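# Overview (structure and organization)
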Amino acid sequence: MSTVKQQAPLNEVSQAQADIIAKDLPEFEEHAKQEIKYTTCYMCACRCGIKVTVEDNKVRFIQGNPNHPINKGVLCAKGNSGIMKQYSPAKLSAPLLRKPGTERGAGEFEEISWDRALDMLEKRLRRIRETDPKQLAYFTGRDQMQALTGMWASQFGTINWAAHGGFCSVNMAAGGLYTMGHAFWEFGDPDWENTKYFMMWGVAEDHSSNPIKLGLKRIKERGAKFVSINPVRTGYQAIADEWVAIRPGTDGILALSMAHVLLKHHLVDEEFLIRYTNSAQLVVMTPGKVGDGLFYRGDSEVPQVWDQVKETFVDSNLPDITPALFGEYTAPDGTPLKTAMSIMVEKYMDEQYSPEVAAKECGVPAEDIERMALEMAHVAFKESITIDVEWTDWAGRKQDKFIGRPVSMHAMRGISAHSNGFQTCRAIHMLQVLLGTIDCPGGHLAKPPFPKHVPPGIKPAKEMAPMTPLKSPPLGFPTCPEDLAINEDGSPRRIDKAYSWDAPISCHGLMHMVISNAVKGDPYKIDTLMLFMANMAWNSSMNTEQTMEMLVAKEDDGEYKIPFIVCSDAFNSEMVAYSDLVLPDTTYLERFDTISMLDRPISEPHAACDSVRIPVIKPDRDVMSWQEVMVEMAGRLDFPAFTKEGGERKYKDYKDFIVNFEKEPGIGFLAGYRGKDGEKSLRGEPNPRQWEAYEENEGFFEMHFDMNQRYMRHANLDYLKLAKEAAWVGNTNQIVIELYSEKLQTFRLAGQGLYDGPMPTEEHHKERLVKYFDPLPIYYMPLEEQRIDRDEYPYHAVNQRPMFMYHSWDSQNAWLRQIMSQNYLFMNRVAAERDGIEDLSWVWVESHNGKIRCQVKLMEGTNEQTVWTWNAIAKRGGAWGLDDDVKENTDSFLMNHLISELLPQKGDNMDRVTNSDPVTGQAAWYDLRVKITPAAEGETGSWPTFEALKAQPNAKKSPKMLSYSSHKNVNLLRSLSDILTRGDK
Amino acid sequence: MHPAFSVLTFTVMSGAGYGLAALLILGHLSGINGLQDTNVLLTSGILALALITLGLLCSMGHLANPKNAWRAFNRFKTSWLSREGVFAVLFYPFFLIYLLGVWTQGAEINGFISIIGLLAALIAVVTLFCTSMIYASLKTIRQWNSSLTPLNYIVLGLMSGSIVLAAIQSSLTGSASSILYQLATALLILGAIAKVIYLFWIGKPAGSTINTATGFTQASVRLLDQGHTSNGFLNNEFGYTVEANKIICLRVLMLVLAFLIPFFLILSGSSTLTIIAALLTVSGLLVERWLFFAEARHVVRLFHGDQRT
Amino acid sequence: MKLGLVIDLDTCVGCHGCATACKQWNTSGTIGPLADKDPYGREPVGSWLNRIRSYEVDDSPNSKTVHMPMSCMHCDDADCVTVCPTGASYKREEDGIVLVDQDKCMGCNLCSWACPYGARELDPEEGTMKKCTLCVDRIYDEKLPEAERQPACVLTCPTRSRVFGDFDDPESEVSKLVRERAGKALMPELGYNPVNTYLPPRNKPVQDQIDTASLKDTVKGWVNKMIAR
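Predicted model only: the values in this text are computed from it and were never measured. (Residues numbered from 1 in each chain as written. Chains lettered and ligands numbered in written order. Predicted model: local features only at pLDDT ≥ 70, side-chain atom pairs only at ≥ 80, totals over all residues.)

## Thoughts on the overall build of chain B
A tally of regular secondary structure across chain B gives eleven helices and one strand. Starting at the N terminus and ending at the C terminus, chain B contains elements arranged as α-α-α-α-α-α-α-β-α-α-α-α. For 309 residues, the compact-globule formula gives about 19 Å, and the C-alpha radius of gyration of chain B, at 21 Å, lands near that figure. Projected onto its principal axes, the C-alpha coordinates of chain B cover approximately 70 × 45 × 30 Å. The buried share of chain B, reckoned over its 309 residues, is 52%. Restricting the contact set of chain B to residue pairs at least 6 apart, pairs at least 24 apart contribute 77%. (Helix = DSSP H or I, 4+ residues; strand = E, 2+ residues; numbered from the N terminus. Rg over C-alpha atoms; globule rule 2.2 N^0.38 Å. Buried ≥ 20, exposed ≤ 12 C-beta atoms within 10 Å, placed from the backbone. Contact = placed C-beta atoms within 7 Å.)

## Section: the overall build of chain C
Per the secondary structure count, chain C includes six helices and eleven strands. Expected size for 229 residues packed as a compact globule is a radius of gyration near 17 Å; at 23 Å, chain C overshoots this value by more than 25%. C-alpha extents for chain C along the principal axes are approximately 85 × 45 × 40 Å. Within chain C, counting contacts between residues at least 6 apart in sequence, those at least 24 apart form 58% of the total.

## Here's the deal with the environment of A:Pro323
Residue and element names in this part refer to chain A. The residue Pro323 is located in the loop between β14 (312-315) and β15 (328-330) in this model. You can call Pro323 buried: it has 26 C-beta atoms within 10 Å. With 18 residues separating them along the chain, Pro323 and Val305 place their C-alpha atoms 5.8 Å apart.

## Regarding the interface of chain B and chain A
With nine residues of chain B at the interface, the matching set in chain A holds eleven residues. Considered class by class, the residues forming the side of chain B that touches chain A number one nonpolar, six polar and two charged. (Nonpolar A, V, L, I, M, F, W, Y, C, P; charged D, E, K, R; others polar.)

## A word on the pairing of strand β10 (residues 225-229) of chain A
Residues and elements named next belong to chain A. When you tally the buried positions in β10, you get five out of five residues, the bulk of the element. Where strand β9 (residues 197-201) lies against β10, five bridges are found, and the strand directions are parallel. Paired with Trp201 across the strands is Ile229, a residue of β10. Where β10 and strand β11 (residues 242-244) come together, three bridges link them in parallel fashion. (Pairing = 2+ DSSP bridges.)

Everything listed here is a matter of geometry and, on its own, says nothing about what the molecule does.
The following block contains the structure:
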């Protein structure tokens, strides 16, 4: 973004006065004693650059780095509270071993040395690796080094690895990657500089918290319209020009209804559809037969289109053809064919998608649905913009301009966390594609290394053998049933049942199922569960209370059902008490880290960027960062990628590994300052001074693209060549946007029994595949709602984290908790008055899975059928250095207790199925429906509550008064004469 | 406003003390026959000193950083609190010289002492006025920001002082001075009238609202979140809330204790009953002062969700 | 000079970034430390110089949420200064900043009573009054880069909803914003003449809809166009 103010705040005359004033002031800061260091924030997943002033190994000030591509100098409430994280009394200070003879969950530990801890872990892991590697389940929370942890798991040889994407955003990632090769958040951004109409779907605070805030300011400053679709009006919605109070889980029908309006009025970008999407490709129309719904290829390998000039079928990937976007054709062998676009028009023109019908489902008035669609069409087609830059398209043809259709969108949690989220996300992307707003000026821009071909060409690993690395990463992108990680009999191979018939395209795994499955032994038992940055004994689990019980569940012989639990955490979190071995992590200010181009880097649409963390504070405890443990353990266990031919260790530590590891020649974890002298970007041999180069460059690398590489990158040859060189894509072929997903259709055929390959045997799997694997975006009622009595549970219940805690897993912070230490159940005032529920009264909230007691707060800005709360405010007493009687414990509540990890029980064969999106396995924690009844007289305080956790051995006592400062203040004295002589002013 | 005990006792005790001192001197010098007794004068004077000093000590208890209390004299130019402090201190030498005069010369003091005495009486009233202006000058509190506040403080100070004076005079001399009793009765009536006017006046809706506070004057405004869960300094200081019922009860109690019963007790002319009247008035005024704070609604409350002050 | 802030209510999302940036800078700043009582207990209460309050304006369904950050307004007619007996509270002649000399404050609370905006909070540890200094220890610090000589809250604001400047200079950004966006003072009726000014939420932009009348003829069916790939 170019417009951020970094100029002096005062004009000349004022500055001259300021200069004079400055002379009379004392020296407030001893700058000579201070040091300025640059690193990357980790108070959430936004990854802002920070400039840290340190004195005497104490933090003076953490501010946004003005030069940083992500946050451009700004910083949120979390980032500004880093000091309180650094000096938290709940920091762990040494490795902990559960005291022999004590129960797991009691929180009784003894401190042990790192040597002993690592030896113990090594021994256990070695045995597992030598016998049955899948016995290790390794799951990480919101970490940003999945490139490393995933690689570690591959080298170990277990497919039982994933991060937290399965309960966070896999619907958004998969929805985008299976449609256009990029997506929202880390994969794409609205073009804040040029967009004229911005529609935000279901976003609370978000991952990209500061960039969105900067962007919203920018578009409002320019007078663009900002529409927010969200059942709840808080932060971002508060400043929207239009707030659409949709009923939760129905965004899909709203998007499809807007598509209906566009199609009804022929308001689609036909050039865009023909040139950049597969909508002209011909689909085989043979219902009930093998091959139905797949693309017609004839004798070619490539889907065919009908060329209107040659009047024949031709390969769809040829340049200079004139494909028919509409129509029915017959193949030479008599097979009936229809263009994907014709199928779409017929489908979405149906009355079920009309605004009038959609309005009944989503609660948005029909006239508003129609109006918003027509407003967007106006912006896209009547207010389009052009950027006169010559560029080369995928076929090598020169184009003289980029055409911008300045409508943009962003979508996240409110779409993602529903069991229809994948298809809803596809519906939103379809809307964007119909308007021609993908990667064009003013539209939705991809962020490198995206876009990738649809979907990215990595297949999930499914074979395992002792002492053998996996052939591919544990997580990937299946394109057909053959890619599933299932056994001959169709049973799941992974502990979380990812890539099984339960959730075939679960590209991020199902972390929310691991504990439940392992305890049940379904599909099998494991030996060791290793967790990093995941508070599974508290707010990171659905069904928290029962999860805590599962973590301590024992077999008949007295052995724990999960025999060994290892966690790495910097603080005394709720999870620590449920671990057998605890490895104390560093804080983010104490460690090296990479935000890698191999993972989800910090790129901006017009620049490839990545960044690092560099310690700014020396730890005062016996702690080791988890990534350091990873590299150490990889060396001890002789992982091939970490071992030289002679058996010697390849990397001495994490820093060494990051600099010298090459995924392929010249490609490593960090894309900047490569080559022997640091002159090469993206690809180049390892640079021994790479860390120093990052340190000198304020902790990040940023490579701007040439003007001709900035848009239409799915079909931009100059960009694609660069992307291939950087190993972001495997070839320079056009990335064709797939409105019609043949990949989904293969699964649907498997469900129909019409697939020439693996097919499910159980009825419910067949039904789910047929119903939900529609090759075109669909809307269906979220699964929980389908299985409960909607009248009995009349309210939707959702939750979000407040901006000042969003994505802040270890948010227990002395400053931030002052802003909020109790959460309420927010309800629409009118709805509550109708139901006789009073403001600030205590109520019981009950779902099919359980009940909780909490306090109600009434408000205006909530959909009348929705209640909601701030998530993860509740903490367990004693955890995080808190007193036992804190409001986080006595008055706050977790909605998690109400949410089951399984579908509502009905005594059928769906009872064992995960409460997740049937396509991606995304945890459906927004599907929750509840009933609300007033608590009886005298029933106050939250319920359930749990026994307070113990402080760790040698833990610092939490202070009763905190007066943090990095130096004694230099007071500005007022003179006595001034005091005695000044008049009123 | 939070009724801090230290401030309640301070204003009531020093009010009675200054009222007592002022009336004692003025009565003495104007030749009221009940006040020409050295014993009465000295006893009343010492009691006045005790009340004032105790009150001032109480007020110190209100300071969070008392080591800087001495600096409070510095801003006489603008601060009523500073002025109060200056006059409160200034009162001591004048009053002490006057009392010394009475002690050494008896009731028949010379002209110099008389002038000093007059000045002491004046300073006492001025101090009372300064105290009242601390509150009356605050535009942030509608219930205080009025000339009724100084009227209340001065009248009630003199009123309580007059009853104490009558009680001392009658119990020491055995016979009640009718003029002192008449004065006390008159002040009780005046005080009651002033208080009732005040109560009516604060009952009128007026002043800032949540709309003017937030700048949204065209529609209703509701607080959604005050920005912190636990009540902080501002809530504790300004957020004090009493139920309407309790307020009414306390108002009745205050009127009965401070005015009504003492009025009838004084009418009896009995010195014992007058002592009881003095004690009742002082306790009634403690209730009055508690209400003065508890019913005062600072505009900061608007930002915390109150619709009006 | 008349230094102060302009706060844009049209874009403030209520993130509390300014509040914690303020707390962070000032706890080690000239009026620091800003103590926190019971920081890990049931009623954690610290002194903060900037707080964010959220309001809902009007009734459902036509209501609007507004986030309102509030700190010292550095009033032209600052009664908090008038009432201060010790002289600890003062308004600087040279730039209008209202400050509390921490060495002189006796903690009588009177200035906080005189302040209509709740801008002053007593420090629970030190017993002195704490308030916004407009980061006097940043804005004149010539060792800081020029662009960073701004209050911490302004530097950090992720929606750039806070602007610092000289209200005496008609050409300053703050003066221009107040003129162009009809900036408002809070509780003007009390006559404090606050310097900090709030920009009210803007009216919705008017967005045209595409004219569908001209498209009616083609509703019947789609016709293939000759578009080369």
